[in-house]
Amino acid sequence: MYVAVKGGGRAISAAHAWLDETRRGDPSLPELTVAQIEQQMGLAVDRVMAEGSCHDRFLAALAIKQAKGDLIEAAFLLRAYRTTLVRFGASEPVETSAMRLRRRISATYKDLPGGQVLGPTFDYTHRLLDFALAAEGVERDAAPQAGTPVAAVPRVTEMLAREGLMQREPLDDTEPGDLTRQPLAFPAARPVRLQNLARGDEGFLLALGYSTQRGYGSNHPFVGEIRVGHVGVEFTPPELGFAIDIGEVAITECQMVNQFKGSRTEPAQFTRGYGLVFGHGERRAMGMALVDRALRAQELGEDITAPAQDAEFVLYHSDNIEATGFVEHLKLPHYVDFQSELENLRTIRRSAVAAGAAPGAVTEGAAQTASAEAAE
Amino acid sequence: MTPPDAPRATGVTDGYNFAYLDEATKRMIRRAILKAVAIPGHQIPFGAREMPLPYGWGTGGIQVTASILGPDDVLKVIDQGADDTTNAISIRRFFTRVAGVATTESTAEATIVQTRHRIPERALREDQVIVYQVPQPEPLSRLEPRRAETERLHALADYGLMHVRLYEDIARLGHIAKAYDYPVMVNGRYLMSPSPIPAFDNPKMHRMPALQLFGAGREKRIYAIPPYTEVRSLDFEDHPFRPIRAPHACALCGSTESYLDEVLTDDAGGRIFVCSDTDYCGERQAAAAKAAAE
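Residues numbered from 1 in each chain as written. Chains lettered and ligands numbered in written order. Predicted model: local features only at pLDDT ≥ 70, side-chain atom pairs only at ≥ 80, totals over all residues. Heavy atoms only, no water.

Asks: Before we move on, could you go through helix α2 (residues 59-68) of chain B and cite the residues and values that matter?
Replies: Burial analysis of α2(B) places ten of its ten residues in the buried class, the great majority of the element. For α2(B), the full list of buried residues reads Thr59(B), Gly60(B), Gly61(B), Ile62(B), Gln63(B), Val64(B), Thr65(B), Ala66(B), Ser67(B) and Ile68(B). (Buried < 20%, exposed > 50% of the residue type's maximum accessible area, 1.4 Å probe, protein only. Helix = DSSP H or I, 4+ residues; strand = E, 2+ residues; numbered from the N terminus.)

Here you go:
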């Protein structure tokens, strides 16, 4: 007699051994070092830091190595590690106007105080495969150096605000919510929304931001400013009572400038969409800024008609760690619920036949019910 | 249960706290559990943490288990009723690694049973806790996707939507077509998802002596049924609730009472039915073998 296969424990161990072997690849080739990943796959490291919501280049690079380059899996490893760390406090807000800039561009002004700084960018590169990269060990020329480092420069949106053309964000000293400590609740305040978006899936943010440009909740945006660089992080230990500098983090900030026609209480002016992410991540910061602005629809009295404006829809589905786990749980066994559906279908078919109906007639509806609920 | 704040077990994976989560997080989860016990069937939001297992694979149940686990507990983990399915093995190994607790496949020996999709056939006792892994704690989610709205409906005890859904099944199909995750009223107040257990298991929740805890990690909700609480499956007077099982006897132990898995034995339509609860089935087989030997 056939009996269901046992020995899941041995199968798991063997599968993991195989995974480890494929991760290493051909042993005759040199093994990638974590330092190589951290240095040469920097943008992947930045994405994993952002979605793993943990600023640690070494750990992110290690996670990428362990995950065979699967960035969502790597972000998952980083988050699962992060959850075990003691959280001893929150930093002071970072001052992005004092950022040590690597890149700063504005699409709203041709020239402006501080100037346009292209920095290390793919923009304006021709996307032609560089076969020279296939040859290893070739010396590359060093990039030319600017004479003086870029000093702190004012924000574009601040210049607009001084003219009264940009809506001021109200100062708010209340402690912002923290999604890593408290569950999401609605209505979700903007700090919580921004935190959710900052660690949200880059592809999801990109697609939703894109959808607003294509007319789903349209709100014609301009890139007021994108800046990439390092900011100091300050922390106030309770026993000291004053802030001390505890280091620097690399971040990308995007301020989108959007139209606003005004309301009964407010004059016509520009409004802001805001994106701030770990590392160098312009696509992600821009997507975040577009979605942030779309989510302000209610506050600004706009019609809510598009997915990107629906806070529940956006915030509950932006997290790729949550999404990937739940989608992939479909691989787990479902014998029990499937068996109950089987018996249910058979009962319905039997009662339909007993009632004299054609066996196919009623079961179609039941099949729909079954398939609609099969995903648990 | 033993006091959860007892000193760390030795021999477990270095660098992690007992049962993985830090003590402050465990305290937060225990507070949510206490609230949940105080309001049977009501969903308590909690700050679910990232766990080293994927969301949807039992992170809620694992966090609840980690928070109530003490070094002297004996843990049983089942998935689909079975102790030997990959996910059950993986979770059991996790707690062996990070807490060093004893594990068992025997329902009778366990102090904590963590489960996915089944309630063991053997009746649970007062000194046991059953922890359910819950994918979707909101019983109304398929009828009303907006959380803000379902919270309002719970506040008003407005469960007409669910009654209409069950009524529509009866009108179209002749009976209620919900075969698992069959909604229950807890203590006459809150509509609750029993998690995707087959409707067959629903009656086991009613006045169960063991504490029942439900953890949904991705959805960040905890709920509970205290011991001896009334749990009623929704139905109508003329269409009473009906638990479903395959109308066969187990091919291994002969049980006609237990919930059965259908096992295909060849590709010509051959099939047998066996208990999904592997411990129950094994015990019955052992008892039969012993009786035959005597």
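Asks: Describe the packing of aromatic side chains, listing the residues and the values that go with them.
Replies: Per the stated rule, a full pass over the model turns up nine aromatic pairs over all chains. Taken together, a centroid distance of 5.4 Å and an interplanar angle of 55° make the contact between Phe186(A) and Tyr316(A) tilted. Here Tyr316(A) lies in helix α10 (residues 311-317) and Phe186(A) lies in the loop between α6 (156-162) and α7 (190-198), a separation of 130 residues in the sequence. Here Phe200(B) and Tyr259(B) contribute two aromatic rings whose centre-to-centre distance is 5.5 Å and whose plane-to-plane angle is 50°, an arrangement assigned as tilted. Remark: Tyr259(B) occurs in the loop between β10 (231-233) and β11 (260-264) and Phe200(B) occurs in the loop between β7 (190-192) and α6 (202-205); sequence separation between them is 59 residues. (Phe/Tyr/Trp six-rings, centres within 6.5 Å; stacked < 30°, edge-to-face > 60°.)

Asks: Now, about the interface of chain B and chain A: what can you tell me, with residues and values included?
Replies: Many structure descriptions define interface size as the accessible area lost when the parts assemble. Residue-level contacts link 67 residues of chain B with 54 residues of chain A. Of the roughly 5,300 Å² buried between chain B and chain A, counting both surfaces, carbon and sulfur atoms make up 56%. By the criterion of area lost to chain A, the three top residues of chain B are Glu50(B), Arg142(B) and Tyr180(B), representing 13% of everything that side buries. Here chain B is connected to chain A by 25 residue pairs in polar contact (both at pLDDT 80 or more). Only α3 (86-99), α4 (147-155), α5 (160-173), β11 and β12 (271-275) of chain B provide two or more residues apiece to the side of chain B that touches chain A. The dominant element in the side of chain B that touches chain A, judged by the number of residues it contributes, is β11(B), at five residues. Residue classes in the side of chain B that touches chain A are distributed as 32 nonpolar, twelve polar and 23 charged. (Contact = heavy atoms within 4.5 Å. Buried area = accessible area lost by both parts, 1.4 Å probe. Polar contact = N/O pair within 3.5 Å; in protein donor to acceptor, adjacent residues only side chain to side chain. Nonpolar A, V, L, I, M, F, W, Y, C, P; charged D, E, K, R; others polar.)

Asks: Outline empty space enclosed by the protein, listing residues and values.
Replies: The full count for this structure, using the stated rule, is four cavities of 30 Å³ or more. Considering only enclosed or pocket space, the largest cavity measures out at about 250 Å³ in volume. Taken together, 23 residues make up the lining of the largest cavity; nearest its centre are Leu179(A), Arg199(A), Asp319(A), Glu322(A) and Lys220(B). A breakdown of the residues in the lining of the largest cavity according to their chemical character gives seven nonpolar, five polar and eleven charged. A volume near 130 Å³ is recorded for the second largest cavity. Forming the walls of the second largest cavity are 17 residues, and the residues nearest its centre are Gly56(B), Gly58(B), Gln133(B), Val134(B) and Pro135(B). The set of elements that each furnish at least two residues to the lining of the second largest cavity consists of α2 and β8 (211-216) of chain B. The biggest single contributor to the lining of the second largest cavity is α2(B), with three residues. Along the lines of polarity and charge, the residues of the lining of the second largest cavity split into four nonpolar, ten polar and three charged. (1 Å grid on protein atoms, 1.4 Å probe; cavity = no way out; pocket = protein on both sides within 12 Å on 5 of 7 lines; lining within 4 Å. Points joined across faces, edges and corners; volume = space filled by probe spheres on them.)

Asks: Tell me what's going on with the environment of Ile78(B), and back it up with residues and numbers.
Replies: Residue and element names in this part refer to chain B. In this structure, Ile78 sits in strand β2 (residues 74-79). Overall, the relative accessible area of 2% leaves Ile78 in the buried class. As for Ile78 and Met51, which are separated by 27 residues in sequence, their C-alpha atoms are 19 Å apart.

Asks: So what's going on with the packing of helix α4 (residues 57-66) of chain A against helix α5 (residues 71-82) of chain A? Which residues, and what values?
Replies: All names here are of chain A. One way to put it is that α4 packs onto α5 with a least axis distance of 8 Å and a crossing angle of 130°. With respect to α5, the axis of α4 lies oblique. Helix-helix and strand crossings are classified by hand; for α4 and α5 the assignment is right-handed. Seen from α4, the contacting residues are Leu59, Ala60, Ala63, Ile64 and Gln66; seen from α5, they are Leu71, Ala74, Leu77, Leu78 and Tyr81. Looking at the contact of α4 with α5 residue by residue, the classes come out as nine nonpolar, one polar and no charged. (Axes fitted to C-alpha atoms, helices over the stretch in contact; angles between N-to-C directions. Parallel < 35°, antiparallel > 145°, perpendicular 65-115°, else oblique. Left-handed = near helix turned anticlockwise from the far one by under 90°.)

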